[in-house]
Amino acid sequence: SGSGDPLYRVVLLGDPGVGKTSLVNLFAGLQERDLLEQHGEAAYKRTLSVDGEETTLLVMDTWEPEQPGEESRRRSQCLQVGNAYVIVYSITDRGSFESASELRIQLRRARQAEDIPIILVGNKTDLVRCREVSVEGERWWRGGSDWWDLAPGFLPSCFPLVPGPACGSARGASGAVSPPCSSLAEGRACAVVFDCKFIETSAALQHNVAELFEGVVRQLRLRCGAK
Ligand code: GDP
């Protein structure tokens, strides 16, 4: 891919302390010793090769408000500029999970007409003993042929869903078998949840971080026709 290739802006959102900067730094390939004190916005550009094709992402850490009152303006700025969003919470912080839920709603509202990829990330999976947000989620059937695996609390309000059968059991109408819950527990293969993919990561252990950004690229290709 040449120099004329488009650049896709990926914005990280989430409460302070959930690990956004750590995830962005891993994306940028920065080591701890290379880190400089950063003020406000930080953005890193990298070309990723995913499924044999290259895509360039510009990954932006959220703007932290510098002064009280700036927050809402900055936030609405953030909500406008991204081609894709990574909403991060910490699995050890229930409040950050609730914020993530709220952010997703704000984002949908701000970009109503667009089919923007959103990836929900539960970070800090290494801190298993402090887990406050369950990974299991819930399995729901939609009207069609497949299921949605929802992170806990992420019930879409605009679709009529019915609680799904237990993991690993057969589905009534089409006979499709729902996958075992272990795929959820590993945080890799959750189904599309109307506009959310879901993955659990550990920036500390560098677990699933590459997979996260590869997932962003795949979502951009699916939804935005990104090359
Ligand atoms: P941000 O405010 O969302 O950008 O969060 P930071 O990236 O600055 O991380 C906040 C704190 O959490 C720092 O002390 C990080 O070292 C720590 N942290 C980030 N990710 C992880 C993780 O996956 N596991 C653990 N144990 N700590 C993490």
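These numbers were taken from a predicted model, which means no experiment stands behind them.

### A look at the overall build of the chain
Point 1. Along the backbone of the chain there are five helices and nine strands.
Point 2. The N-to-C order of helical and strand elements in the chain reads β-α-β-β-α-β-α-β-β-β-β-α-β-α.
Point 3. Within the chain, the fraction of its 227 residues that count as buried is 35%.
Point 4. Contacts spanning at least 24 positions in sequence make up 66% of the contacts within the chain whose residues lie at least 6 apart.

### Quick look at the site of the ligand
Point 1. Around the ligand sit 15 residues in total, of which Gly19, Lys20, Thr21, Ser22 and Ala204 are the nearest.
Point 2. Within the shell around the ligand, the residues separate by chemical class into five nonpolar, seven polar and three charged.

### Structural notes on the pairing of strand β5 (residues 118-123)
Point 1. Within β5, six of the six residues are buried, which leaves it mostly tucked inside the rest of the structure.
Point 2. Alternating positions in β5 separate into two faces, Ile118, Leu120 and Gly122 on one and Ile119, Val121 and Asn123 on the other, with burial throughout.
Point 3. Bridge count between strand β4 (residues 84-90) and β5: six bridges; the pairing is parallel. Across the sheet, isoleucine 87 pairs through a bridge with leucine 120, a residue of β5.
Point 4. Handedness of the crossover joining β4 and β5 through helix α3 (residues 94-110): right-handed.

### Quick look at the nonpolar core
Point 1. Counting residues in hydrophobic clusters, the biggest one holds 37 residues, and the most contacted among them are Val10, Leu12, Tyr85, Val86, Ile87 and Val216.
Point 2. Those elements giving two or more residues to this core turn out to be β1 (7-13), α1 (20-28), β3 (53-60), β4, α3, β5, β9 (196-200) and α5 (209-224).
Point 3. In this structure tyrosine 85 touches Val11, Leu13, Leu107, Ile116 and Ile118, once residues within four positions along its chain are discounted.

### Focus: α5
Point 1. The terminal C-alpha atoms of α5, which comprises 16 residues, lie 22 Å apart, in line with the 22 Å expected from a rise of 1.5 Å per residue.
Point 2. Within α5, the full set of buried residues consists of Val209, Leu212, Phe213, Gly215, Val216, Val217, Gln219 and Leu220.
Point 3. Looking one or two residues beyond α5, the residue adopting positive phi is glycine 225, at roughly 70°.

### Considerations on unusual backbone geometry
Point 1. Backbone geometry places aspartate 51, a non-glycine residue, at a positive phi of 55°.
Point 2. Within the secondary structure, aspartate 51 sits in the loop between β2 (43-50) and β3.
Point 3. Aspartate 51 gets classed as exposed once you count the C-beta atoms within 10 Å, which come to 9.
Point 4. In this model, asparagine 208 sits at a positive phi of 70°, which is unusual for a non-glycine residue.

### Points about the environment of arginine 108
Point 1. Tracing the sequence through the fold places arginine 108 in helix α3.
Point 2. In this structure, the C-alpha to C-alpha distance between arginine 108 and leucine 79, residues 29 residues apart in sequence, is 9.1 Å.

### So, the confidence of the model for the chain
Point 1. Here the chain shows a mean pLDDT of 72. Residues at 70 or above account for 59%.
Point 2. Low pLDDT, under 50, characterises residues 141-146; the predicted model gives this stretch 10 contacts beyond four residues in sequence or across chains.
Point 3. A low-confidence stretch, residues 152-175 (pLDDT under 50), is modelled with 41 contacts involving residues beyond four sequence positions or located in other chains.
Point 4. Interface confidence in the predicted complex, given as ipTM, is 0.99; pTM for the same model is 0.74.

### Some points on the pairing of β3
Point 1. Across five bridges, the pairing between β1 and β3 is parallel. For valine 10, the partnering residue across the bridge sits in β3 and is valine 59.
Point 2. Between β2 and the antiparallel strand that follows it, β3, lie two residues; aspartate 51 among them carries a positive phi value of about 55°.

### Description of the environment of lysine 45
Point 1. Along the chain, the position of lysine 45 falls in strand β2.
Point 2. Residue lysine 45 is classed as partly exposed on the basis of its C-beta count, with 13 C-beta atoms lying within 10 Å.
Point 3. Sequence separation between lysine 45 and tyrosine 8 is 37 residues; the distance between their C-alpha atoms is 9.4 Å.
Point 4. Excluding residues within four positions of it along the chain, lysine 45 makes contact with Thr56 and Leu58.

### Details of α3
Point 1. For α3, built from 17 residues, the straight-helix expectation of 24 Å at 1.5 Å per residue is met to within 8% by its first-to-last C-alpha distance of 25 Å.
Point 2. Inspection of α3 places Ser96, Phe97, Ala100, Leu103, Arg104 and Leu107 among the buried residues, and these make up the whole buried set. The arc enclosing the buried residues of α3, seen along the axis, measures out at 110°, which places them on a common side. Relative to its buried face, α3 has exposed residues pointing more than 90 degrees away, namely Gly95, Glu102, Ile105 and Arg109.

What counts as what
Residues numbered from 1 in each chain as written. Predicted model: local features only at pLDDT ≥ 70, side-chain atom pairs only at ≥ 80, totals over all residues. Helix = DSSP H or I, 4+ residues; strand = E, 2+ residues; numbered from the N terminus. Buried ≥ 20, exposed ≤ 12 C-beta atoms within 10 Å, placed from the backbone. Contact = placed C-beta atoms within 7 Å. Near = placed C-beta within 6 Å. Nonpolar A, V, L, I, M, F, W, Y, C, P; charged D, E, K, R; others polar. Pairing = 2+ DSSP bridges. Right-handed = clockwise from strand over helix to strand, strands pointing away. Core = buried A, V, L, I, M, F, W, Y, C linked by C-beta atoms within 7 Å. Expected span 1.5 Å × (residues − 1). pLDDT = per-residue confidence, 0-100. Arc of directions from axis to C-beta.

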